[in-house]
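# What the coordinates show
Residue-level listing of the chains:
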Amino acid sequence: MTHATPHDHTRRPHGWRRDLVELAARWSRRHGGGPAEPEPPTATTATPAADTRAADARAADARGTDAPGRAGGEGDGGASRADTTLWRMRTTVRDEPGTLAALCTALARHRVDILALQTHPLADGTVDEFLLRAPADLPPAELTRTVTDGGGRDTWIERADAHDLVDAPTRILSLATRTALDAAELPLALRALLGRCAIRSLPAKSLAGRPLEGLPPLEGVLEETVMRLRDPSGGAIVIERPYLPFTPTEFARARALVELDSRLGPRVPRRRDVLTLPEGNEITVRRADTRDLDAARAMHQRCSAATLAQRYHGPVGDADRYLDHLLSPRFGRTLAAHTASGRLVALGHLLWDGDETEVALLVEDEWQRRGIGGELLRRLVAMAAETGCACVYAVTRSANTGMVAAMRALELPLDYQIEEGTLVITARLSPAAIPSSTG
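Every value quoted in this text rests on a predicted model; they were computed, and no experiment measured them.

So, how was this worked out
Residues numbered from 1 in each chain as written. Predicted model: local features only at pLDDT ≥ 70, side-chain atom pairs only at ≥ 80, totals over all residues. Heavy atoms only, no water. Pairing = 2+ DSSP bridges. Helix = DSSP H or I, 4+ residues; strand = E, 2+ residues; numbered from the N terminus. Axes fitted to C-alpha atoms, helices over the stretch in contact; angles between N-to-C directions. Contact = heavy atoms within 4.5 Å. Buried < 20%, exposed > 50% of the residue type's maximum accessible area, 1.4 Å probe, protein only.

## Some remarks on the sheet that holds strand β9 (residues 226-230)
Spatial ordering of the open sheet is given by β7-β10-β9-β8, a layout of four strands whose pairing is antiparallel. Edge strands, defined here as strands with exactly one partner in the open sheet, are β7 (198-202) and β8 (221-223). Averaged over all pairs of adjacent strands, the angle between their axes in this sheet comes to 15°, without regard to strand direction. In this sheet, strand β10 (residues 236-240) lies alongside β9 in antiparallel orientation, the contact comprising five bridges. The partner of Met227 across the bridge, within β10, is Ile239. Strand contacts of helix α6 (residues 186-194): β7, β9 and β10, with the helix running at about 30° to β10, the strand carrying the most contacts. Contacting β8, β9 and β10, helix α7 (residues 248-264) crosses the sheet at an angle of about 25° to β9.

## What about the environment of Met89?
Here Met89 is to be found in strand β3 (residues 84-93). Residue classification places Met89 among the buried residues on the basis of a relative accessible area of 1%. If sequence neighbours within four positions are ignored, Met89 has contacts with Asp128, Glu129, Phe130, Leu132, Val147, Thr155, Trp156 and Ile157.

## Let's talk about the pairing of strand β16 (residues 391-397)
Where burial is concerned, most of β16 is hidden: six out of the seven residues are buried. Pairing of β16 with strand β18 (residues 422-428), which is carried by seven bridges, proceeds in the antiparallel orientation. Residue Arg397 lies in a different strand from β18, and its bridge partner there is Thr422.

The structure is reproduced here in structure tokens:
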């Protein structure tokens, strides 16, 4: 069975195209759905101003029965947790003694409990980031007005959940650990750190060999809602969050994660799984990266022109040029299937594509229709679910019944879009129907 998805988006329906030649096979598409929202941004500070503001909060907490940060809790006549809603809120206030206390007092009047507070100092004020528990019947517009009355401005608010109750140091250490274990985790860790944002990795050179223009300096660049960082693997990482400007604290944390990735060098988890195919042959499935380039090129040479054309939807002679991009952990994760003799016979890619995630497969002709593609696809979908994606999509030709069958075998809700012979199949990763991951 040939599993194929194109990487020339001139043929993809309902998409927006980035030039493959100029951006080394960087493609993005937009249609309904996307991954679940990542964790919100986190920040901590240890400055004299922050200490003063914390003292303000403690002083406000000591005043009266409606103490800020404890209003509406159990045992004080307030609403129970079942009648409350969690919110993430960010607002800017003057960096002066008493401003935080005034804001806390305003929240307390509406029985709003402050569960966590972090500060981001700016040149002309301070951004306060709260995790709040508010009465369920308090509209978000009213909560925003309350913050404005308490001295806040440029207020942003979003629903939170139980995952946000993890304290900031623990979350940041967890992100650093994920990044240290797997180079492919860096884009995901950045999204978890900074909240909903678009992350693009731009290669140092295009497929045509032209260098990237506007490479950021080593220290990176912060421009309001855009960060530009030097990618340790070459090129640049561009992070955009139009709905909320980045703070210097967030910029420093993002740079620290990128620096960690740079110091650790290439790395992927070493786990290997040996599987027995229905016909009795054994294959080994493991993670792959750019160190597998030679083996991947050799597999290309053994594949027929028809198989390569189905996979890449472009000139067969260009197939090898895509491999640097496809095997780079900066753009996603790759699984490789090897025979008992060590021969690479299949590749499966999980590719970060803006707010969505693409799955792509290539199985050498001699090893098609043996269940290898289906096994790789199942594992890729499980990986996507573990990273918080709500859906994955595959792009293939409408005549490729093998890929259609493999997607159907996932037993997930599927959406189909077809245009001029190109088929986009989107699988919705409902929590109750996600295949388990064994690799």
